[in-house]
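# Secondary and tertiary structure notes
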Amino acid sequence: MADSSSERLKSKVDLELLKPKHSLKKSQLANDLLVVLRQKVSEYPATHQLKSCSEFILFCCKLIENLVLKKDKIDKKQLLLDVFKQLFNLQAPELLVLDATVEFLWSNGLICKIPLSKKSINWFKKKGACFF
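Residues numbered from 1 in each chain as written. Predicted model: local features only at pLDDT ≥ 70, side-chain atom pairs only at ≥ 80, totals over all residues. Heavy atoms only, no water.

### Looking at the overall build of the protein chain
The helix and strand tally for the protein chain stands at 6 helices and 0 strands. In the protein chain, the order of α-helices and β-strands from amino to carboxyl end is α-α-α-α-α-α. Compactness check: the protein chain gives a C-alpha radius of gyration of 19 Å against a globular reference of 14 Å for 132 residues, more than 25% above the reference. Projected onto its principal axes, the C-alpha positions of the protein chain cover 50 × 45 × 35 Å. For the protein chain, the proportion of its 132 residues judged to be buried stands at 23%. Taken as a whole, the protein chain presents about 10,100 Å² of accessible surface, with 60% of it coming from carbon and sulfur. The averaged location of the 14 negative side-chain charges in the protein chain is 5 Å from the averaged location of its 23 positive side-chain charges. (Helix = DSSP H or I, 4+ residues; strand = E, 2+ residues; numbered from the N terminus. Rg over C-alpha atoms; globule rule 2.2 N^0.38 Å. Buried < 20%, exposed > 50% of the residue type's maximum accessible area, 1.4 Å probe, protein only. Areas by Shrake-Rupley, 256 points an atom, 1.4 Å probe, with all protein chains shown as cover. Lys, Arg positive; Asp, Glu negative; His and termini not counted. Charge placed at Lys NZ, Arg CZ, Asp CG, Glu CD.)

What follows is the structure in structure tokens.
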């Protein structure tokens, strides 16, 4: 029944033209981020230690920095706190420590976007691999 409903809907409206905004966009990004981070966490043997590992927190911050655009108007730090809360079931004191860690990383200039030159080189390597 759900398949026929979605098919009827697709015949009436092009769903690609309807883009989520505001809170829907934020929840969609948070969900996508959770999926990626859960996969990343499963790669490490001691997952319970990652919630306080500054290197993992920096990885997550850089991921969010490159994922969330300015035009999305989403608070990146709050998104990180929400994702960590869901991922590791953090309590209020742990969230304060995480918040302080993010502030430290930001104030020391460690959270940054991937430079366009690196993205370009990576893109050419991927495209070049197809030709060779």
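### What to know about the state of the cysteines
Overall, the coordinates contain 0 disulfides when judged by the stated rule. For the unlinked cysteine Cys-60, the closest cysteine sulfur is that of Cys-61, found at 7.0 Å. By relative accessible area, Cys-60 is classed as buried at 0%. (Disulfide = S-S within 2.5 Å.)

It is worth stressing that arrangement in space is one thing and function is another; only the former is reported here.
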